[in-house]
2 protein chains.
Amino acid sequence: MMSTIQDVAKHAGISIATVSRALNNPDKVSTETRERVMEAVRQLEYYPNEKAKLLSSKTKEISVGIIIPYISSYYFGELYKGISRTAKAQNVRIVLHELHDESGEQSLMDALTFCKQQGVSGILLSSQFVEKDYDLAISRLKLPVVLVLAHHESAMLPAFKIDDIKASFDAVSYLVTRGHKRIGIISGSLSNPVVGEPRYIGAKNAIDFYQLPFHDKQLVSGGIRFEDGYKAMNELLAARDITGITAVFTATDELAFGAMKRVRDAGLRVPEDISVIGFDNLSISGMFSPGLTTVSQPFADIGVEGVNHLIQAIKNPAEMKPGTYYLPYNIVERESVAQTSD
Amino acid sequence: MMSTIQDVAKHAGISIATVSRALNNPDKVSTETRERVMEAVRQLEYYPNEKAKLLSSKTKEISVGIIIPYISSYYFGELYKGISRTAKAQNVRIVLHELHDESGEQSLMDALTFCKQQGVSGILLSSQFVEKDYDLAISRLKLPVVLVLAHHESAMLPAFKIDDIKASFDAVSYLVTRGHKRIGIISGSLSNPVVGEPRYIGAKNAIDFYQLPFHDKQLVSGGIRFEDGYKAMNELLAARDITGITAVFTATDELAFGAMKRVRDAGLRVPEDISVIGFDNLSISGMFSPGLTTVSQPFADIGVEGVNHLIQAIKNPAEMKPGTYYLPYNIVERESVAQTSD
């Protein structure tokens, strides 16, 4: 015979309302109550199925779609931690969708369609490629869409991120305060609207602001992965006779890891010969030797804020407020930048 | 007006059966067909909802639960890549559940209950703590459960992993072939049934097999994270006057990263002063300087094999075959182990 919620309440010696709260909003009951309920649930083998729950509860259960480029990105775990903690506390289910082809417009359209088909009530989107062209497709979805670690050309959607231009300016300023004057830039592709262009602009603005020398060969643009950083540093080192660089700003931590490896493979040292500052503060950045000095993005907080905004917008469409919301960042000092008097 | 699959077929100029195949088994149609269908889907705003799909399709859609300790573990992305690729190709949905408290029995029970409540047809479980005590709870679930990167004391469940004892034996043998005779071991907790005990046993077996000296102070056991590796190497270095170690085997790559950082912070070099061999081959292991020589676990393949077995067992319970399935591993040689004549 199937157990009912009444049976669970009786077995645990508490009210049905409390059992319901323990099952649906576990954060709203004490640990002791929760454990008593779960114990009763186990002993009685009580499994409320989804449909029964949907019918019996007054508020329909919400699910949200999360679309991200690569689940194996090193930042994803951090971002997801914030999202899942918040979603769980509000009894919101997550449908995860990975864009296997980061550059594909097609792929993003398919992902939106997939989420819609899964019956989600809203979508949290972390693709870097949300251009004006998508406005029509997104409005046709008739679902709230919130961006995290991304922005939207026509600013039609709420977007949660840090101010990439300002943070890159600050990273280069940090190198300047440590005495560096000849600074290389390893940027992502300048057509990449989050990691590429704005981080290059911020870094270049700083070089202009401090009236530092800047030669063509101080900039290498391309991908944002480890291998790209390795190759880019190779080019910067080859031009060092001309440029005389003593420090490098990289648009991502992965680029920095590649750049540091190349420095070492060339028989040089970080930071004694070349200082490196990164951008992201991935959890692995402190594990390297030397530890990477870098701009720290609040990945978990971005996840929390993004999903909170989405849930509010699902519950009350008037809460959907387009615009870019900048979260605070800081520079984490480790060992990859040396003081120089050069 | 809502579009129907007939409308989509007409618009794309292909049969309803082909449209259905393109939507449900996209890997079974050509890229061109798929694109034509998706283009029609977008233009007509065709969104088959889940319920309609369930009612109309003859085979019920399957969803599987994935329970993992920490989504932010560095191996998770790799494992998930294998799982999602396989699940997607077979039109299987994934419900993800993170065990926030790795050591908690309670937490695993809750996770199993959560997945059951979500209406999944089977569960892929990656917790390291699947003990005999769970046999009753798991059998009560009345769902197939398959383990990945874990094993089960009473061998009641199918488990996909590598042979940890053999792989650890091979890692220490590798150090021996490079001339090392005094070898330290940084192991996980000896009560950890996957990462801890078996990897210690394998390493110690090799030390005994080659009749190498072994002092108490050559072994440090504890956690499996970066910080644990750092602290453990500190202890090994402090006892170096007594033990004379020239190389260290660590039970995880994260332990190795911590150990390498400690060596460097002590003013020593890897591999010139201390060689290090790890276990996992995380995707970041090649980014370090020096690159980490390590046992390579086939994370993606373990995901593929595990979820394939689970899907087969869901479709036909006779296909549920308990036992431990060992996948092949190899040692990836990078730069963290030196040849020595000592």
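Scroll up for the structure.
Conventions we followed
Residues numbered from 1 in each chain as written. Chains lettered and ligands numbered in written order. Predicted model: local features only at pLDDT ≥ 70, side-chain atom pairs only at ≥ 80, totals over all residues. Heavy atoms only, no water. Helix = DSSP H or I, 4+ residues; strand = E, 2+ residues; numbered from the N terminus. Buried < 20%, exposed > 50% of the residue type's maximum accessible area, 1.4 Å probe, protein only. Contact = heavy atoms within 4.5 Å. Areas by Shrake-Rupley, 256 points an atom, 1.4 Å probe, with all protein chains shown as cover. Core = buried A, V, L, I, M, F, W, Y, C linked by side-chain atoms within 4.5 Å. Buried area = accessible area lost by both parts, 1.4 Å probe. Salt bridge = Lys/Arg side-chain N within 4 Å of Asp/Glu carboxyl O. Polar contact = N/O pair within 3.5 Å; in protein donor to acceptor, adjacent residues only side chain to side chain. Nonpolar A, V, L, I, M, F, W, Y, C, P; charged D, E, K, R; others polar. Pairing = 2+ DSSP bridges. Axes fitted to C-alpha atoms, helices over the stretch in contact; angles between N-to-C directions. Expected span 1.5 Å × (residues − 1). Least-squares fit on C-alpha atoms with pLDDT ≥ 70 in both. Disulfide = S-S within 2.5 Å.

S.K.: Whenever I open this one, the overall build of chain A confuses me. Can you help?
M.R.: Regarding its fold elements, chain A presents 13 helices and 12 strands. Put simply, chain A has 342 residues, and 56% of those count as buried. The contacts of chain A with a sequence gap of at least 6 include a subset with a gap of at least 24, amounting to 71%. Accessible surface, chain A as shown: approximately 14300 Å² in total, 50% of it carbon and sulfur.

S.K.: What should I look at first to understand the nonpolar core in this one?
M.R.: A general tendency of soluble globular proteins is for nonpolar side chains to be buried together. Membership of the largest hydrophobic core comes to 147 residues, with the highest contact counts inside it found for Met233(A) and Met233(B). Aside from chain neighbours lying at most four places away, what touches Met233(B) is Ile186(B), Val248(B), Ala259(B), Arg262(B), Val263(B), Ile274(B) and Val276(B).

S.K.: Teacher, can you tell me more about the interface of chain A and chain B here?
M.R.: Across the boundary between the two partners, chain A contributes 50 residues, which contact 49 residues of chain B. When chain A packs against chain B, close to 4800 Å² is buried across both sides, 53% of that on carbon and sulfur atoms. There are two salt bridges connecting chain A and chain B. Taking the shortest distance from any N to any O, the salt bridge between Lys261(A) and Glu335(B) comes out at 3.4 Å. Where chain A packs against chain B, one counts eight residue pairs in polar contact (both at pLDDT 80 or more). For the side of chain A that touches chain B, the element with the highest residue contribution is helix H6 (residues 105-117) of chain A, accounting for six residues. Split into classes, the residues belonging to the side of chain A that touches chain B amount to 19 nonpolar, 15 polar and 16 charged.

S.K.: Would you mind showing me how to read the side chain of Ser336(B) here?
M.R.: Residues and elements named next belong to chain B. With respect to the helices and strands, Ser336 occurs in the segment after strand S12 (330-332). Residue Ser336 is classed as buried on the basis of its relative accessible area, which comes to 0%. A polar atom in the side chain of Ser336 sits 2.6 Å from the backbone oxygen of Val276. Reaching out from Ser336, the side chain makes a polar contact with the backbone nitrogen of Thr293 at a distance of 2.8 Å.

S.K.: Hey, could you run me through the sheet that holds strand S2 (residues 92-98) of chain B in this one?
M.R.: Sheet strands associate in pairs through backbone hydrogen bonding, adopting either a parallel or an antiparallel arrangement. Residues and elements named next belong to chain B. If you trace the six strands from one edge of the open sheet to the other, you get S2-S1-S3-S4-S5-S11, paired in parallel fashion. Of all strands in the sheet, those with a lone pairing partner are S2 and strand S11 (323-326), marking the two edges. Adjacent strand axes in the sheet meet at a mean angle of 20°, parallel and antiparallel pairs treated alike. For strand S3 (residues 122-125) and strand S4 (residues 145-148), the ladder comprises three bridges, and the chain directions are parallel. Looking at the pairing, Leu124 lines up with Val146 of S4.

S.K.: Explain helix H3 (residues 31-44) of chain B here, please?
M.R.: Each turn of an α-helix holds 3.6 residues, which means side chains three or four residues apart point in the same direction. Compared with the 20 Å implied by 1.5 Å per residue over 14 residues, the 20 Å span of H3(B) between its first and last C-alpha is a close match. Residues of H3(B) that are buried: Thr33(B), Val37(B), Met38(B), Ala40(B), Val41(B) and Arg42(B).

S.K.: It is not clear to me how the sheet that holds strand S3 (residues 122-125) of chain A should be interpreted in this structure. Could you clarify?
M.R.: Residues and elements named next belong to chain A. The strand order across the open sheet formed by six strands is S2-S1-S3-S4-S5-S11, and the pairing between neighbours is parallel. One side of each edge strand has no neighbouring strand; the edge strands of this open sheet are strand S2 (92-98) and strand S11 (323-326). The average undirected angle you get between the axes of adjacent strands in this sheet is 20°. For strand S4 (residues 145-148) and strand S5 (residues 158-161), the ladder comprises two bridges, and the chain directions are parallel. Note that in S5 the partner of Val148 across the bridge is Phe160.

S.K.: What's the story with helix H8 (residues 164-177) of chain A in this structure? I'm lost.
M.R.: Residue and element names in this part refer to chain A. Look at H8: 20 Å from first C-alpha to last across 14 residues, which is about the 20 Å you get at 1.5 Å a residue. Residues of H8 that are buried: Asp164, Ala167, Ser168, Ala171, Val172, Ser173, Tyr174 and Leu175. Its side-chain oxygen placed 3.3 Å from the backbone nitrogen of Ile165, Asp163 serves as the N-cap of H8.

S.K.: Would you mind going over the relation of the copies chain A and chain B with me for this structure?
M.R.: Two chain copies, one operation linking them: a rotation about an axis together with a shift along it. In screw terms, the move from chain A to chain B is a rotation of 180° and a rise of 0.1 Å along the axis, fitting with an RMSD of 0.1 Å. On this basis, the relationship between the two copies can be described by a two-fold rotation axis. Using C-alpha coordinates, one finds that chain A approaches the rotation axis most closely at Phe288(A), a distance of 3.3 Å. Both copies contact each other with a shared surface, as 98% of the interface residues of chain A are interface residues in chain B too.

S.K.: Sorry, what's going on with the state of the cysteines here?
M.R.: Note on terminology: disulfide describes a covalent bond linking the sulfur atoms of two cysteines. Enumeration according to the criterion identifies zero disulfides over all chains in this entry. Cysteine Cys115(A) is unpaired, with the sulfur of Cys115(B) as its nearest cysteine sulfur at 19 Å. Given a relative accessible area of 0%, Cys115(A) falls into the buried group.

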